[in-house]
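Listed here are the chains, written in short residue letters.
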Amino acid sequence: MRVYQFAKQLKITAKELIEICENAGVSGKTYVSGLKDQEMAAIKEYMKKRKLAGKPIVSTGTETVGEIASKLGISASEIIKNLSDIGISASINDRLGPENIKKLCDAIGVSVEFKKTRESYILGTAIETDKDLVPRAPVVTVMGHVDHGKTTILDYIRKSNVAAKEFGQITQKIGAYKVNLNEGSIVFIDTPGHEIFTAMRARGAQITDIVVLVVAADEGVKLQTVEAINHCKAAGVPVIVAINKIDKPNANPEAVKKQLSEYGLVPEEWGGQTVFLNVSGVTGANIKELLEIILLMGEMMELKANPERPGEGVVLEAYLHKQKGPVIDLLVQNGSVRTGDYFVCGETWGKVRAMFDENGQKLEKAGPSTPMEVLGASSVAVPGDIFKVVNSEADARRIAEGKKQANKAAQERVQKVLTLEDLQKQIIQGTLKELKIILKTDSIGSQEAIKSSLEKLSQASIEKQGPSVNLIHCGLGSVSESDILLAACSQAVIFGYNIGIDSKAENLSKQHGIEIKTYRLVYDLIEDVKNTLEGMMKPQEIEVMVGQALVKQVFKIGRNQSVAGCLVVDGKVIRDSKVKIVRNGKFVFEGYLSSLKRFKNSVKEVTTNTECGIGISGFNDFQQGDIIQVYQKVQKGADV
């Protein structure tokens, strides 16, 4: 076909076609020149690419071959052919992924821009960057002794009379509340105790950014206060101390500061790093300052999340409601949850039927740091379970079933208790540097005596470059569930002196594999810890003689260099080992064996009744009859 005829077919001028011929590699054509079939095909391919190149496509990286074909305006069969040309085999319903989509677009001359969507995150085709992260509200857990005013403080903040509705002014169940201020938002988790906080940590759920420890100014530090402090330390969560009830006539904040400093919470004005505030949940004194400090601390911690991701969070509470069915109290930690989303949550799954905030207001979308109630689960979830939005109902069912099977298999296996012997092995392997202990005793006197002895043992062990003792919690009375949970989170062993074990705690210890050792004699407890520390120390290295060689002849191989012709009379001689030369029963030199030869070949070692040549670095004064003793460093107690 002539050029001008083909131009008419393409609906362009012959002049334009000649220019295209040059760019398509079909050069030297005039208006009347003939075009071969392959030349016309090359021109069409070039024109198609030029047309596409002006229309960049936007992709999520999750499209199928058919969907990409639709975006490009090319038939699916042609896309499949183009993919085959670049070595990619695919059918019309296959998802290509961002890498293959980019290769395809490059091959046909189309620019592509990838856009991140919830689906692309779910399918793992989107890569999150720092630019995707935005600041989120800090999540704060309020802890303290049972009646020191935790809920009263939250009551003042929320301006709702929660405490008065509850029996005896004591919080009965978990509640999470989002407080919106002009300067930002804060999520408060009001728990009935530190046990819940640690139980969630034991299940792998990290929910808290900051802890507000409430201590009554008129009562000071109580048993539950100490437990809360130790649980916070084990979690490594920053603590703000709110000394409450300063409106009472017998309030003594300074005495509280002194008490808390003995547990490692030293006020900033005393040179410590803990923020203390005198507050009143009744009058509202310094509550505003408390909120400002929380927001400032959250800002310094640079708490961020990606609201565009599919939602992820942790179950705070779950129960079965007569009308609503299974209910999940959820804290969204990252991404966003929307009505209609499919989700998986431990062994349960579902579709978000409805969402409500803590005030009962319906939500259509909930982003990071949002507490809410979720309806639509197939069964009741477990507090501490991780909630994740997934792509489809099929995915939700499959993942939940997989989790169920994994949990069932784990339960069928007899859980191995973490014993002192296990900890010894971990220290030797270098995975643990300290022996963590929870100590429960019958009295303060015996507790102080044991603590003093453990401190001495720890110091002696450290001086020998051994592990230290970390007494993460001391308490009075029987071993409780709280002790088991703390041990599970911290990889600690529980030592008890003259005390019993709660039945629930005993069952929980078997579930978590925690060893509880109880004693009637202080001596036995201390001796066990001492033996454990000694066993946990890195084995000492000692020098052991592994062989001896008799010098039978001396060879001068240079002006100041000699080699000893030897016979190995005991054990083996190893190159680069430490050696001692014995002459007439006395040591005359210590050094290192620098060369070892059999005939003319260098060797690594020579065994008994074998002749060899030995060179020793820095020594040339060999004499016939010298004994060369060879030493190696080995771990004390090891077989040589």
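Throughout what follows, the structure given in this document is the object of discussion. (Residues numbered from 1 in each chain as written. Predicted model: local features only at pLDDT ≥ 70, side-chain atom pairs only at ≥ 80, totals over all residues. Heavy atoms only, no water.)

Structurally, Thr 141 is set in strand β4 (residues 139-144). Only 2.6 Å separates the side chain of Thr 141 from the side chain of Thr 208, close enough to count as a polar contact. (Helix = DSSP H or I, 4+ residues; strand = E, 2+ residues; numbered from the N terminus. Polar contact = N/O pair within 3.5 Å; in protein donor to acceptor, adjacent residues only side chain to side chain.)

Right, let's get into the pattern of salt bridges. Within the structure shown, the criterion is met by 20 salt bridges. Of the charged contacts, one joins Arg 136 and Asp 209 as a salt bridge, the two residues approaching to 2.9 Å between their closest N and O atoms. Taken together, the residues Arg 136 in the loop between β3 (134-135) and β4 and Asp 209 in the loop between α10 (194-202) and β7 (210-216) connect sequence positions 73 residues apart. The structure contains a network of salt bridges with shared partners spanning Glu 254, Lys 257 and Glu 269. (Salt bridge = Lys/Arg side-chain N within 4 Å of Asp/Glu carboxyl O.)

Time to look at the pairing of strand β9 (residues 275-278). As paired strands, strand β8 (residues 239-244) and β9 are joined by four bridges and run parallel to one another. Residue pairing for β9: Ile 240 is matched across the bridge by Val 275. Each parallel crossover has a hand, and the one from β8 via helix α12 (residues 253-261) to β9 is right-handed. (Pairing = 2+ DSSP bridges. Right-handed = clockwise from strand over helix to strand, strands pointing away.)

Next up on the list: empty space enclosed by the protein. Gaps left between atoms show up when a probe the size of a water molecule is rolled over them. By the definition in use, this model includes one cavity of 30 Å³ or more. One number sums up the size of the largest cavity: a volume of about 40 Å³. Forming the boundary of the largest cavity are Val 142, Lys 150, Ile 153, Leu 154, Ile 157, Phe 188, Val 212, Val 214 and Leu 290. At the level of elements, α8 (150-158) and β7 are the ones that each hand at least two residues to the lining of the largest cavity. In terms of residue class, the lining of the largest cavity is made up of eight nonpolar, no polar and one charged. (1 Å grid on protein atoms, 1.4 Å probe; cavity = no way out; pocket = protein on both sides within 12 Å on 5 of 7 lines; lining within 4 Å. Points joined across faces, edges and corners; volume = space filled by probe spheres on them. Nonpolar A, V, L, I, M, F, W, Y, C, P; charged D, E, K, R; others polar.)

With that settled, consider the pairing of β4. Burial of β4 is extensive: six of the six residues sit out of reach of the surface. Bridge count between β4 and β7: five bridges; the pairing is parallel. Pairing of Gly 144 across the sheet is with Val 214, part of β7. (Buried < 20%, exposed > 50% of the residue type's maximum accessible area, 1.4 Å probe, protein only.)

Right, let's talk about a nonpolar patch on the surface for a bit. On the surface, Tyr 4, Tyr 31 and Val 32 cluster together into a nonpolar patch covering about 300 Å² of accessible area. The topology assignment puts Val 32 in the loop between α2 (14-23) and α3 (37-53). (Patch = residues over 30% accessible without salt bridge, like charges linked within 9 Å, V, L, I, M, F, W, Y side chains within 5 Å. Areas by Shrake-Rupley, 256 points an atom, 1.4 Å probe, with all protein chains shown as cover.)

The four strands are arranged β21-β20-β22-β23 in an open sheet whose pairing can be described as parallel. Of all the strands in the sheet, just β21 (468-476) and β23 (516-519) have a single pairing partner and so form its edges. The mean angle between the axes of side-by-side strands here comes to 25°, regardless of whether they run parallel or antiparallel. (Axes fitted to C-alpha atoms, helices over the stretch in contact; angles between N-to-C directions.)

Once that is clear, we can look at the packing of helix α17 (residues 481-490) against helix α18 (residues 503-512). Orientation of α17 relative to α18, taken along the N-to-C sense of each, is 15°, at an axis distance of 8 Å. By the angle between their axes, α17 is roughly parallel relative to α18. As for the relative orientation of α17 and α18, their crossing is right-handed in sense. Of the residues in α18, those in contact with Glu 481, Ile 484, Leu 485 and Ala 488 of α17 are Lys 504, Ala 505, Leu 508, Ser 509 and His 512. (Parallel < 35°, antiparallel > 145°, perpendicular 65-115°, else oblique. Left-handed = near helix turned anticlockwise from the far one by under 90°. Contact = heavy atoms within 4.5 Å.)

This part takes up the nonpolar core. Judged by nonpolar contacts, the single largest core of 22 residues is most densely connected at Ile 157, Phe 188, Ile 240 and Ile 294. Where this core is concerned, the elements lending two or more residues are β4, α8, β6 (185-190), β7, β8, β9 and α13 (287-300). At six residues, α13 tops the list of elements feeding residues into this core. Each residue touching Ile 294, except ones within four places of it in the same chain, is listed here: Pro 138, Val 140, Ile 186, Phe 188, Ile 210, Val 212 and Ile 240. Counting 20 residues, the second largest nonpolar core, distinct from the first, contains Ala 564, Val 573, Ile 628 and Val 630. (Core = buried A, V, L, I, M, F, W, Y, C linked by side-chain atoms within 4.5 Å.)

For helix α1 (residues 3-10), the complete set of buried residues consists of Val 3, Phe 6 and Ala 7. Within α1, the buried residues cover an arc of 105° as seen down the axis, which keeps them to one side. (Arc of directions from axis to C-beta.)

Glancing now at α17. Buried residues dominate α17, accounting for seven of its 10 residues. Positive phi appears at Gln 491, one or two residues downstream of α17, with a value of about 55°.

Okay, the packing of helix α4 (residues 65-72) against helix α5 (residues 76-85) next. Between α4 and α5, whose axes approach to 9 Å, the crossing angle comes to 105°. Taken together, the axes of α4 and α5 lie roughly perpendicular to each other. Within the contact between the two elements, α4 uses Val 65, Ala 69 and Leu 72 and α5 uses Ala 76, Ile 79, Ile 80 and Leu 83. Class assignment of the residues belonging to the contact of α4 with α5 gives a composition of seven nonpolar, no polar and no charged.

With that settled, the discussion passes to the packing of aromatic side chains. Any two aromatic rings considered together are summarised by their centre-to-centre distance and by the angle between their planes. Taken as a whole, this structure holds four aromatic pairs when the rule is applied. Measuring from centroid to centroid gives 4.7 Å for Phe 343 and Phe 387, while their planes differ by 25°, and the two rings are stacked. Remark: Phe 387 occurs in strand β19 (residues 386-390) and Phe 343 occurs in strand β14 (residues 342-345); sequence separation between them is 44 residues. For Phe 343, a relative accessible area of 0% corresponds to the buried category. The ring of Phe 356 is capped by Lys 324, whose NZ or CZ atom sits 5.9 Å from the centre of that ring. Against the face of Tyr 631 rests Lys 580, its NZ or CZ located 4.6 Å from the ring centre. (Phe/Tyr/Trp six-rings, centres within 6.5 Å; stacked < 30°, edge-to-face > 60°. Lys NZ or Arg CZ within 6 Å of the ring centre and 35° of its normal.)

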